[in-house]
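Architecture and fold: a report
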Amino acid sequence: MIKYLGSKRTLVPRIVALAAAVREHAGARTVADLFTGTTRVAQALKREGFDVTANDLASYSEVLAACYIEADGGDATLRARVTEQLAVLNAVEGRDGYVTRMFCEEARYFQPFNGRRIDAIRDAIDTIGADRLERAVLLTALLLAADRVDSTTGLQMAYLKAWAPRSYRPLELRMPELIAGTGRSRREDANALAAAMEPVDLAYIDPPYNQHSYFSNYHVWETIVRHDAPPAYGVARKREDCRTTKSRFNVRAQAWEAFTGLMRTLPARHVIVSFNNEGYFAYDDITALLASTHGEVAVVPVAFRRYVGAKIGIHNPSGVKVGTVSHLTNREFLFVAGPGAAAIVEAAGPRGAASAAALAAPPGAR
Ligand SMILES: C[S@@+](CC[C@H](N)C(=O)[O-])C[C@H]1O[C@@H](n2cnc3c(N)ncnc32)[C@H](O)[C@@H]1O
C-alpha cells in the first residue's frame, strides 16, 4: 500500500472492531469515510461487509477509491480485461515526457529510466480502451508501481540526496488486490458532501490536523493521475496550483469552524473521529462538540508516544539547542459518538479498546 502521511494502517483493526460493534449495537450497514486518503480504512470496512462510500479532495484518492471501493473484485470480466491491459502496459517502451523532465531531471523522485516508463504507460492508459473502473484499476497499479521505485521518504516535498536502493528496480505494474462487492467513490469537499449526501449509519472522520497540505505533499500522484503537465516551482517541482489549493482543515483560523460545520450537518447517527494532540483541535472541545451533535461520546486512546521533538529538542540552523518543545507526548484517540457509544466501545473488546500503554498515559490532551 502506498506511503502516506497520517495513514491509519496501524489503527485499522481498532476502527473495524468499533464499526462492527456499531453494527451489532445499532444495526449499522452503511458507512462513509469522508477523508479517505489511501482508502485503507474504507477497504477494511468493505471487507467487513459494510456498504462503503469513500471520499477525498484528491484526484489520486478518488482513483484509489474507484479501484478498491467502487470496483467489484468478484467481477471476472473486469479482472480478465485488466489482466490483459496490464500485460500490454508492462510491455510499453519508455519515452521522454513531463514526468521524466520534471520529476527525474529537474527533481529526482524517480530514476529517468523509470520516469520514461511512467510517461509512456500514463499515455497508454488513456488510449488502451479502458472503461472508467478499468482505468481506475490501471492508474492505481501505476501509482503503486511508482511508489515502489521512488526515491523519497514518503512525502513529495523533497527527494533523497542519493538515489534510494529501490529506485534502481525497474517499474512493474501488478494487479491491485481488488475487493469483492461494490461501493462508491467521491471527490468532494467533505462539508459540501455532508450537506448533500444520503444519510449513512456511520461516518469515519480523519481530517488533516495541521498546516501540512496533502495536495502539496502528494503533488506527484496528483499530476500522474490528472496527466495535465502544469507549470511547476521550487526544488520539489510542485504544481503551480499547490500555492492556491488549500483545505480549510489546513488553516488554523478556519479548521475548527469547518469541523463544527461538518459535525452539525453530517447525516450519520454514529461517528468515529480520529484525533491527534499535535493538531489544531483541543480534546475537550471535540468531546463537547460531539456531545452536542451526537449525544453520547466514548473515547478510545490508541497511541501514546514520547514526542520525537522532545527527544531531539529545538535547534537553530547552526545546530545549537534553543527554546523548549511545547508538549512532551504525542497521543492519538478515537472518539466514538452516538447512541450507546460507551456500550459500543465496551463491546468492541480488546481490538477496539485502548492498549495498556495508552491507558497508562496521563490524561489531558494538549
Ligand atoms: C489524515 S489524511 C486521511 C488518511 C486516511 N484515513 C488513510 O488512512 O489513508 C486526511 C485526508 O483528507 C483529505 N482532505 C483534506 N481536506 C479535505 C476536505 N475539505 N474534504 C475532503 N477531503 C479532504 C486529504 O486529501 C487527505 O487525504
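Residue numbers here run from 1 along each chain, matching the order of that chain's written sequence. Selection of residues for local features in this predicted model requires a pLDDT of at least 70, selection of side-chain atom pairs for listing and counting requires 80 or more, and totals for whole chains, interfaces and linings are taken over all residues. To get the side-chain values, take all heavy atoms of the structure and skip hydrogens and water.

**A look at the pairing of strand β4 (residues 200-205)**
The classification of residues rests on relative accessible area computed with a 1.4 Å probe and restricted to protein chains. Under 20% of the type maximum is buried, over 50% is exposed, and intermediate values are partly exposed. Secondary structure follows DSSP: runs of H or I at least 4 residues long count as helices, runs of E at least 2 residues long count as strands, and numbering of each begins at the N terminus. Across the 6 residues that make up β4, a large majority, 5, are buried. By this definition, two strands are paired if DSSP reports at least two bridges between them. Pairing between strand β1 (residues 30-33) and β4: 3 bridges, direction parallel. Bridging across to β4, D33 finds its partner in Y204.

**A few points about the packing of aromatic side chains**
Working definition: a ring pair exists when centres of Phe, Tyr or Trp rings (six-membered ring for Trp) sit within 6.5 Å. Plane angles under 30 degrees give stacked, over 60 give edge-to-face, the rest tilted. For the coordinates displayed, the defined rule picks out 18 aromatic pairs. With a centroid separation of 5.2 Å and 40° between ring planes, the pair formed by Y4 and Y214 is classed as tilted. With Y4 in the segment before α1 (12-26) and Y214 in helix α9 (residues 214-217), this pair connects stretches of sequence that are 210 residues apart. Their ring planes at 80° and their centres at 5.7 Å tell us that F275 and F335 sit as a pair that is edge-to-face. Of the two residues, F275 is situated in strand β7 (residues 268-276) and F335 in strand β9 (residues 329-337); the sequence distance between them amounts to 60 residues. The exposure classification of F275 matches that of F335, with both residues buried. When the ring centre of F50 is taken as reference, the NZ or CZ atom of R23 above it lies at 4.6 Å. By definition here, charges over rings are those cases where NZ of Lys or CZ of Arg is within 6 Å of the ring centre and within 35 degrees of the ring normal. One residue, R243, lies across the ring of Y233, its end atom 3.7 Å from the ring centre.

**Things to note about the pattern of salt bridges**
Criterion for a salt bridge: a side-chain nitrogen of Lys or Arg within 4 Å of a carboxyl oxygen of Asp or Glu. In the structure shown here, the tally under the stated rule is 22 salt bridges. The closest approach of N and O atoms between R23 and E48, which form a salt bridge, is 2.7 Å. Of this pair, R23 sits in helix α1 while E48 sits in the loop between α2 (40-47) and β2 (51-55), and the two are 25 residues apart along the sequence. Judged by relative accessible area, R23 falls into the partly exposed class, the value being 28%. E48 gets classed as partly exposed once you look at its relative accessible area, which sits at 31%. With its nearest N and O atoms 2.8 Å apart, the salt bridge here joins R166 to D150. In this pair, R166 sits in the loop between α7 (132-148) and β3 (184-186) while D150 sits in the loop between α7 and β3, placing the two residues 16 residues apart along the sequence. Assessed through its relative accessible area of 24%, R166 is described here as partly exposed. Note on D150: relative accessible area 2%, which makes it buried. Taken together, the shared-partner salt bridges connect E222, R226, D228, R239 and D241 into one network.

**As for the site of the ligand**
Nearness is judged by heavy atoms alone; a residue qualifies as near a molecule or strand once a single heavy atom is within 4 Å of it. Contacts to the ligand come from 21 residues, most closely from Y4, T38, D56, D206 and S247. Between the ligand and D189 there is a distance of 2.8 Å, counted from a nitrogen atom to a side-chain nitrogen or oxygen. Here a polar contact is taken to be a pair of N or O atoms separated by no more than 3.5 Å, where protein atoms must pair a possible hydrogen donor with a possible acceptor and residues adjacent in sequence count only if both atoms sit in side chains. Between the ligand and the protein, one listed contact pairs a nitrogen atom with a side-chain N or O atom of D206 at 2.7 Å. Only the protein chains shown count as covering a residue, and every accessible area follows the Shrake-Rupley method with a 1.4 Å probe. Surface burial for the ligand is 98%, taken as the share of its 610 Å² of free accessible area covered by protein chains. The residue makeup of the shell around the ligand, split by class, is 9 nonpolar, 7 polar and 5 charged. All residues other than Ala, Val, Leu, Ile, Met, Phe, Trp, Tyr, Cys, Pro, Asp, Glu, Lys and Arg, Gly among them, are scored as polar; the first ten of these are nonpolar and the last four charged.

**Overview of the packing of helix α5 (residues 98-106) against helix α6 (residues 112-127)**
A fitted line through C-alpha atoms represents every axis, and for helices the fit uses only the stretch in contact; the resulting angles, taken between N-to-C directions, go from 0 to 180 degrees. Relative to each other, α5 and α6 sit at 150°, their axes nearing to 8 Å. Our classification of the angle between α5 and α6 gives roughly antiparallel. The way α5 lies across α6 gives a crossing that is right-handed. In this structure, α5 contributes Y98, V99, T100 and C104 to the contact, and α6 contributes P112, G115, R116, I118 and D119. Of the residues in the contact of α5 with α6, the class split is 5 nonpolar, 2 polar and 2 charged. Roughly parallel means an angle under 35 degrees; roughly antiparallel means over 145; roughly perpendicular covers 65 to 115; every other angle is labelled oblique. Handedness of each helix crossing follows the sense of rotation of the near helix against the far helix: counterclockwise by less than a right angle gives left-handed, clockwise gives right-handed. What makes two residues a contact is simply this: any of their non-hydrogen atoms within 4.5 Å.

**What to know about unusual backbone geometry**
Look at T39: it is not a glycine, yet its phi comes out positive at around 75°. Here T39 lies in the loop between β1 and α2. The buried category is assigned to T39, whose relative accessible area is 0%.

**Section: the side chain of S185**
Inspection of the secondary structure puts S185 in strand β3. In terms of polar contacts, S185 uses its side chain to reach the side chain of E70, at 2.6 Å. Filtering out sequence-adjacent residues up to four positions away, S185 remains in contact with A54, E62, A65, A66 and E70.

**Let's talk about the nonpolar core**
Nine residue types can take part in a nonpolar core, namely buried Ala, Val, Leu, Ile, Met, Phe, Trp, Tyr and Cys, and a core is a set of them joined through side-chain atoms within 4.5 Å. Counting residues in each nonpolar core, the largest one holds 77 residues, and the members touching the most others are F110, W221 and L334. No other element matches the 9 residues that α7 contributes to this core. Here this core gathers at least three residues from each of two domains, domain 1 (1-72 + 178-208 + 248-361) and domain 2 (75-175 + 215-246). In this structure L334 touches L11, R14, I15, L18, Y204, I272, V273, S274, A298, V299, V300 and V302, once residues within four positions along its chain are discounted. One finds A32, F259, F281 and F335 within the second-largest nonpolar core, a separate group that totals 29 residues. Domain extents, as shown, originate in an automatic or database domain assignment.

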